[in-house]
Amino acid sequence: MDTELIKQLLEAGAHFGHNRARCNPKMRRFIFGERSKIYIIDLEKTVEFLNKARTFLKDLASRGESILFVGTKKQAQDVVFEAAERTGMFFVKNRWLGGTLTNFKTIRNSIKRLKEIQTMEKDGTFEAITKKEKVILTKEMDKLKRNLQGIVEMNKMPGAVFVVDSRKENIAVREAKKLSIPIVAIIDTNADPDLIDYPIPANDDAMRSIKLIINILTEGILEGKRQLDQSEVGEKSEERREGVNIPIAEVGSGKSEELAEGIEEEKLKDKEKEEKKIKPVSKKRPYKPKR
């Protein structure tokens, strides 16, 4: 067992659960004991399930799948935003709009409307309309941006949903469950673990606890994305060796310039070899008629 990680979780207060009166009976298998009527979470179980969730998200990222971070409670908002920005994933941090997943077509229409208003602001349309119309459009844009800013570029269903506090985000959990989207969640002693595919039993109210767990999962996602980048370089390099015409600029982000230069050098060498194989045409002697 990772004693160093258990120590970090202890320092972050991840072991504190809720009052025993608020405990969900299904969470008893994750409870170590009780102190002053407060349940103490078994951190060995936390580490075990945290590693499972990390491995799952890492594999998901290595296949190029997206992850939707959801955390609308005050303690989780900034942490969720930072994790999504760092990994290039999607997020919801202010309010979960009902139907974000199950009625995705309507959400896409709202995103389209947001983009239209932003275009109007940039192309000078705001200068040509009345002050009242400008105020109305600005309010509409701010509201849409507040609720949709983290999913503007999400054109398809995510590969997984990560949730901080499954009880508070119960609508998001139900929608993901309905669409069979895997759910990773930090669950406290008052939650139902049966609803979550990859539960992480821990304190979901303390900011330090939330931040520590999300940072560990984020590292796993970044590791998976690095594996994806390396596999893309290998595939495109192999295709180039086989003669497939792929522009050097298309070799994915994070790839070294040495690889691109090496491919160009190989092409030049191959061309020189082909030129050497071509024999010069021998000159024919002029025809002289016999006397």
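Preceding this section is the structure that the text describes.
The following paragraphs examine the structure supplied in this document. All values derive from a computational prediction rather than experimental measurement. (Residues numbered from 1 in each chain as written. Predicted model: local features only at pLDDT ≥ 70, side-chain atom pairs only at ≥ 80, totals over all residues. Heavy atoms only, no water.)

### Observations concerning the pairing of strand β2 (residues 31–35)
Looking along a regular strand, one sees the side chains alternate between the two faces of the sheet. Condition: Two strands make a pair as long as DSSP finds a minimum of two bridges between them. A run of H or I in DSSP counts as a helix once it spans at least four residues, and a run of E counts as a strand once it spans at least two, with each numbered from the N terminus.
The pairing of β2 with strand β3 (residues 38–41) spans four bridges and is antiparallel. Within the sheet, the bridge partner assigned to Ile31 lies in β3 and is Ile41. Between β2 and β3, which follow one another and run antiparallel, lie two residues, and Ser36 among them has a positive phi close to 55 degrees.

### Things to note about unusual backbone geometry
Our working definition: Each residue is placed in one exposure class: buried if its accessible area under a 1.4 Å probe, protein chains only, is under 20% of its type's maximum, exposed if it is over 50%, and partly exposed if it falls in between.
The backbone of Ser36 shows a phi angle near 55 degrees, a positive value even though the residue is not glycine. Tracing the chain through its elements places Ser36 in the loop between β2 and β3. Given a relative accessible area of 67%, Ser36 falls into the exposed group. The backbone of Asp165 sits at a positive phi, close to 70 degrees, despite the residue not being glycine. Checked against the element boundaries, Asp165 lands in the loop between β6 (160–164) and α7 (170–178).

### Focus on the pattern of salt bridges
Rules: Here, a salt bridge means any side-chain nitrogen of Lys or Arg that lies within 4 Å of a carboxyl oxygen of Asp or Glu.
Here the structure, examined in full by the defined rule, presents 13 salt bridges. Note that Asp192 and Lys26 form a salt bridge whose closest N and O atoms lie 3.4 Å from each other. In this pair, Asp192 sits in the loop between β7 (183–187) and β8 (198–201) while Lys26 sits in the loop between β1 (16–19) and β2, placing the two residues 166 residues apart along the sequence. Here Lys73 makes a salt bridge to Asp165, at a shortest N to O gap of 2.9 Å. With Lys73 in the loop between β4 (67–70) and α3 (74–87) and Asp165 in the loop between β6 and α7, the pair connects residues that are 92 residues apart, well separated along the chain. Take Asp165: its relative accessible area is 10%, and that puts it in the buried class. Taken together, the salt bridges that share partners define one network made up of Lys73, Asp165, Asp204 and Asp205.

Everything listed here is a matter of geometry and, on its own, says nothing about what the molecule does.
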